[in-house]
Amino acid sequence: MTTNLITVVGENIIDLVPDHGDDAPYHARAGGSPANIAVSVAKLGSQAALAARVSRDVFGARIRSRLAGAGVEARYLVDAAEPSSLAVVTFDAERRASYDFWLNGTADWQWRDRDLPNPLDDDVAALHIGSLAAYLSPGAEVIEKVIAREGYRGRVTLSFDPNIRPTIIAAADGSLDAARARTERLVRLVDVVKVSDEDLGWLYPDSPAEDAAAEWAEIGPALVVLTRGAEGATAIGRAATVTVPAPRVDVADTIGAGDSFAGALLHALGVRGLLGPGGADRIAGLDAATLTEVIRTAATAAALTCTRVGAEPPTAAELDAALKEFG
């Protein structure tokens, strides 16, 4: 069996996104960082699956339709009785998004051990986790056990994007110190980390993001990628460190940009045969030229997403055209 499936574990969120203007109506758009990442991977042409608990409510039907339309496999979707999670989106003057979440008693966090396969199917090459599902109990503990188990098996490449939501995660873990400890445990368990400067600024307010990312690169991962929005990204590997600028685009909003980056990063590693058994060693050995190509692909996908309203990652054709356009 070919090992090429990229599986993402985590939440779907219904984003209530306003039109322009104070009195504008809201539009419900299916999102959620892990779901966005799975959609990004699939739209770029790699095989993707999402492991998620999806509500039976009307929003759950919209979530399933979105995933199916993008080509995301449904084998790990769990039918859930609880309602869908919601987020009300607001924008600042530069169309950067912030979120107020409605999460109590919703479907996404109620993982049980039997809801996730043990072991993963043989065709899974990578397992990605992150965002709220990696922090909110009781599901977060189940996900951490899966990561530890699959790390011990050594058959899949493990990936993590904290995608910190400070108020939610601090409340879940009880303190910044506890949230930092949980994050660092996960970093030690995985092979690839994508993290934003905002995430690191919250976790380590007294340290420059570059220093914190470099320290993470010393405690386990084969690759740590630090993103800085419009300022580009720095990738810290064991054989090379590179910094890649972000393409300049007209920004509609930033919803899902980091998720598109993470999805394109996994796709770019996958098409180069860097995922699956032994993937961590292959990723660790990336030279500067190849690492630059990988990060440029991810940064361009994120930039394209910023040109659209909502979390709408590019297709393979759109990304290829943009890579040629931006040189």
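That block above? That's the structure.
Here the structure is a predicted model, which means the values were calculated and not measured. (Residues numbered from 1 in each chain as written. Predicted model: local features only at pLDDT ≥ 70, side-chain atom pairs only at ≥ 80, totals over all residues. Heavy atoms only, no water.)

Engineer: Before we go on, may I ask you to explain the packing of helix H10 (residues 288-306) against helix H11 (residues 316-325) in this structure?
Structural biologist: Two packed helices can be described by the angle between their axes and the distance between those axes. Running from N to C, H10 and H11 cross one another at 110°; their axes reach a closest spacing of 10 Å. With respect to their mutual orientation, H10 and H11 come out roughly perpendicular. Contacts between H10 and H11 involve Arg-296, Thr-297, Thr-300, Ala-301 and Leu-304 from the first element and Glu-318, Leu-319, Ala-322 and Leu-323 from the second. For the contact of H10 with H11, the residue count by class is five nonpolar, two polar and two charged. (Axes fitted to C-alpha atoms, helices over the stretch in contact; angles between N-to-C directions. Helix = DSSP H or I, 4+ residues; strand = E, 2+ residues; numbered from the N terminus. Parallel < 35°, antiparallel > 145°, perpendicular 65-115°, else oblique. Contact = heavy atoms within 4.5 Å. Nonpolar A, V, L, I, M, F, W, Y, C, P; charged D, E, K, R; others polar.)

Engineer: Just checking my understanding: could you explain the side chain of Asn-36 for this structure?
Structural biologist: Within the secondary structure, Asn-36 is located in helix H1 (residues 33-43). The buried category is assigned to Asn-36, whose relative accessible area is 4%. In this structure the side chain of Asn-36 is engaged in a polar contact, spanning 2.8 Å, whose partner is the side chain of Asp-259. Setting aside residues no more than four positions away along its own chain, Asn-36 makes contact with Ala-30, Gly-31, Arg-66, Gly-256, Asp-259 and Ala-311. (Buried < 20%, exposed > 50% of the residue type's maximum accessible area, 1.4 Å probe, protein only. Polar contact = N/O pair within 3.5 Å; in protein donor to acceptor, adjacent residues only side chain to side chain.)

Engineer: When you look at helix H7 (residues 209-217) in this model, what are you seeing that I'm missing?
Structural biologist: Among all positions in H7, only Ala-209, Ala-212, Ala-213, Trp-216 and Ala-217 are buried. In a view along the axis of H7, the buried residues occupy a sector of 145°, so they form one face of it. Along its buried surface, H7 packs onto helix H5 (176-189), strand S10 (192-196), helix H6 (197-203), strand S11 (223-227) and strand S12 (233-237). (Arc of directions from axis to C-beta.)

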